[in-house]
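What follows is each chain in one-letter form.
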Amino acid sequence: MKKITFLILLLLATFLSASNATALEGSFKVGPAIILISILVLFVMVGLFFRAKDTTDYYAAGRGVSRVGSGMAIASNWMSAASFLGMAALMYGSGYHGLAFVVGWTGGYVLLLILMAGQIRKYGKYTAPDFIGDRYYSSALRATSAVVAILISISYCVGQFGGIGLMFKWVMGIDYLWAVIIGSSVVLTYTLISGMLGVTKNMQIQYVIIIISFLIPLFILTYKFDYFWVVPQIGYGAVVTDIVQGIPAPETTSLVNSFGHNFAILPSPEYAMPWDPATGKTFFQWMAITFSLMVGTAGLPHVIQRFYVVPKARDARWSVVWGLFFICILYWSAPVFSAFGKILSADPEIGILAKDAIVVYTAQLGDINPLIVGLLAAGGVSAAFSTVSGLLVAGSSAFSHDLYFKVINPKADPKTQLRMARLATVLMAIIVMCLAMLKLALIGQLVALAFSLAGCTIFPLFLLGIWWSGSNKKGAIAGLSAGLLVTAISLTYFVAGKAGATLPFHSFVSYWLGAWYFAWIGAPLAIITNIVVSNMTKETPIEIRKFLVEQVHT
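Calculation notes
- Residues numbered from 1 in each chain as written.
- Predicted model: local features only at pLDDT ≥ 70, side-chain atom pairs only at ≥ 80, totals over all residues.
- Heavy atoms only, no water.
- Helix = DSSP H or I, 4+ residues; strand = E, 2+ residues; numbered from the N terminus.
- Contact = heavy atoms within 4.5 Å.
- Areas by Shrake-Rupley, 256 points an atom, 1.4 Å probe, with all protein chains shown as cover.
- Phe/Tyr/Trp six-rings, centres within 6.5 Å; stacked < 30°, edge-to-face > 60°.
- Buried < 20%, exposed > 50% of the residue type's maximum accessible area, 1.4 Å probe, protein only.
- Patch = residues over 30% accessible without salt bridge, like charges linked within 9 Å, V, L, I, M, F, W, Y side chains within 5 Å.
- Salt bridge = Lys/Arg side-chain N within 4 Å of Asp/Glu carboxyl O.
- Expected span 1.5 Å × (residues − 1).
- Bend = angle between axes of the 7 residues up to and from the residue.
- Axes fitted to C-alpha atoms, helices over the stretch in contact; angles between N-to-C directions.
- Parallel < 35°, antiparallel > 145°, perpendicular 65-115°, else oblique.
- Left-handed = near helix turned anticlockwise from the far one by under 90°.
- Nonpolar A, V, L, I, M, F, W, Y, C, P; charged D, E, K, R; others polar.

Draft legend 1. Representation of the overall build of the chain. Looking only at helices and strands, the chain features 22 helices and 0 strands. For the chain, the proportion of contacts with a sequence separation of at least 24, taken over those separated by at least 6, is 83%. For the chain, the exposed area adds up to about 21,200 Å²; of that, 69% sits on carbon and sulfur atoms.

Draft legend 2. Structural view of the packing of aromatic side chains. Under the criterion given, the structure shown has 24 aromatic pairs. A centroid spacing of 5.4 Å and a plane angle of 45° characterise the contact between Tyr156 and Phe451, whose relative ring orientation is tilted. Residue Tyr156 is found in helix H8 (residues 139–172), and its partner Phe451 is found in helix H18 (residues 443–467); the two are separated by 295 residues along the sequence. Classification of Tyr156 by relative accessible area gives buried; the value is 1%. Relative accessible area serves as the criterion here: at 0%, Phe451 is assigned to the buried category. Seen from their ring centres, Phe284 and Trp512 are 4.5 Å apart, and the 50° between their planes marks the pair as tilted.

Draft legend 3. The arrangement of the side chain of Arg142 in detail. When you line up the elements, Arg142 lands in helix H8. What makes Arg142 buried here is its relative accessible area of 10%.

Draft legend 4. A look at a nonpolar patch on the surface. A grouping of Phe219, Tyr223, Phe228, Trp229, Val230, Val231 and Ile234 is seen on the molecular surface, where their side chains present a nonpolar patch of about 700 Å² in accessible area. Within the secondary structure, Tyr223 is located in helix H9 (residues 176–224).

Draft legend 5. Looking closely at H18. The terminal C-alpha atoms of H18, which comprises 25 residues, lie 34 Å apart, in line with the 36 Å expected from a rise of 1.5 Å per residue. Along H18, the sharpest change in direction is near 45° and occurs at Gly455. Counting buried positions over the 25 residues of H18 gives 24, a clear majority of the element.

Draft legend 6. Representation of the packing of helix H6 (residues 99–123) against H18 in the model. Remark: H6 packs on H18, axes separated minimally by 12 Å, with the N-to-C direction vectors making an angle of 25°. Considering the angle they form, H6 stands roughly parallel to H18. In this structure, the crossing between H6 and H18 has a hand that is left-handed. Contacts from Phe101, Trp105, Ile114, Leu115, Met116, Gln119 and Ile120 in H6 reach Gly444, Val447, Ala448, Phe451, Phe459, Phe462, Leu463, Ile466 and Trp467 in H18.

Draft legend 7. Region of interest: unusual backbone geometry. Phi angles above zero are rare outside glycine, and Asp226 is one such case at about 65°. Along the chain, the position of Asp226 falls in the loop between H9 and helix H10 (232–245). The exposure class assigned to Asp226 is exposed, which follows from its relative accessible area of 68%. A positive phi angle, near 50°, is found at Lys439, a position not held by glycine. Structurally, the position occupied by Lys439 is in the loop between helix H17 (414–436) and H18.

Draft legend 8. Layout of the pattern of salt bridges. Per the stated rule, a full pass over the model turns up 3 salt bridges. The partner of Arg142 in a salt bridge is Asp130, and the shortest N-O contact between them spans 2.6 Å. Of the two residues, Arg142 is situated in helix H8 and Asp130 in helix H7 (residues 128–135); the sequence distance between them amounts to 12 residues. The exposure class of Asp130 is buried, given its relative accessible area of 5%. Its salt-bridge partner being Lys224, residue Asp367 comes within 4.0 Å of it at the nearest N-O pair. Of this pair, Asp367 sits in the loop between helix H15 (358–365) and helix H16 (370–408) while Lys224 sits in helix H9, and the two are 143 residues apart along the sequence. A relative accessible area of 41% means that Asp367 is categorised as partly exposed.

Draft legend 9. Quick peek at the packing of helix H19 (residues 473–498) against helix H21 (residues 519–536). The geometry of H19 relative to H21 is characterised by a closest axis approach of 7 Å and an angle of 155° between their N-to-C directions. When the interaxial angle is binned, H19 and H21 end up roughly antiparallel. Pair H19 / H21 crosses with right-handed handedness. Only Ile521, Gly522, Leu525, Ala526, Thr529, Asn530, Val533 and Ser534 of H21 make contact with H19, whose side of the interface consists of Lys474, Gly475, Ala476, Ala478, Gly479, Ala482, Gly483 and Val486. Tallied by class, the residues present in the contact of H19 with H21 amount to 8 nonpolar, 7 polar and 1 charged.

Okay, structure coming up:
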């Protein structure tokens, strides 16, 4: 209580001493920096208090987390920098087209609720590769899926580390590279200390910080600029209408941004059109992104792993319901930032703003108190931290439990396994940090790449493994190979494009197998291949089919 009281007094003192304005870029912001540091210290303290004592704590939080608590942790783990920062960035840049990410990510949780949550918990394994290796009775599949899980975790983490870097850069006025290094070091430290138990407790706290910091500026913006502020998500519709129809220079001087620019914008009808030629996007891309994100959500190892931290299968299903509720609060709110950002940054004097930081820029341009803007930035960091920690635990678990213990050294004791998990965490963090420095794409796009990879590989194996006892080892190997082939083609063309090289049929492949949505063809191809090969080869052993009937689907 003394520590909490001290933290509150520190925040109050900072609030009282805060200046009335902060620069958009390049300055050290004292109040926001104190808020950010205080929250990071809180995370580390919680991690220390609830640190993992053994492998059960590290992998599955001792399987003693409540439904609501698990739902909050799921929401926090899910609402990454891609949700907090990236969704508004995508809609700010492409308008209605960006809603494909909202629909896809939300719909994916419905798939999880209906198809997997309870069944995964009944099966009773710690990790996604553990399930795949046992269900398909194959050490090779266990090892391959562990490598895939690690790759998914790494690609997902890149966007999160980028978001952390942007927020540290904004708050502290330091170079982006140093911001990534500092932020990465902090999240790595408390993940190593706490494991899944401490991470789960932190995620519950992080959710509260995320949602409060996200909603407060929305109430202020809608009230200040005379929109329906009681429910900002409804007032958002009027803002979009103003963007589409345009707003002439206001007669009153009160409708201005923090730089004194008139609250005015030229008509932009393409902002509300899903596939207008002016946006450069098509109906196919909208649908492909939505589908890929949905199946990818149901195949993410770190999301699947959250179902193991609750006591029973029924708790797993309810934790998804609660998680979806908590997630939707933020998802319904993210478009409001993009719409206000569009209006408040319309004046040419603002210049080009980094899309991934439009959430904090919108609050600044709306002349919101710097301390509230600082809390918003801290919420962005919290969102990235909550997801990164879960991803690092999932990836390190895949290495230590599924590769090292199950394949390389079955005689390893729990202490050795925990040590290998922490070593894997460090190596993954270093790799991700280096990739984040390259700024390969927007946060939301980088995260979508991980979803497509999961949708092509993990999702088909879980879907058929749970619901069709006829899926066997050879079918799983063939299906996984097909999904990996589509992934390899898409990523090869993506990397070549970033490097400035032009491969044969570059335009065709880049459009139909885009890095953000190649699961639209990869997932169905993997499922069909699995079914065809399974029907042509020796059927699944009777003991596995019996287990599915008696234990998983009772």
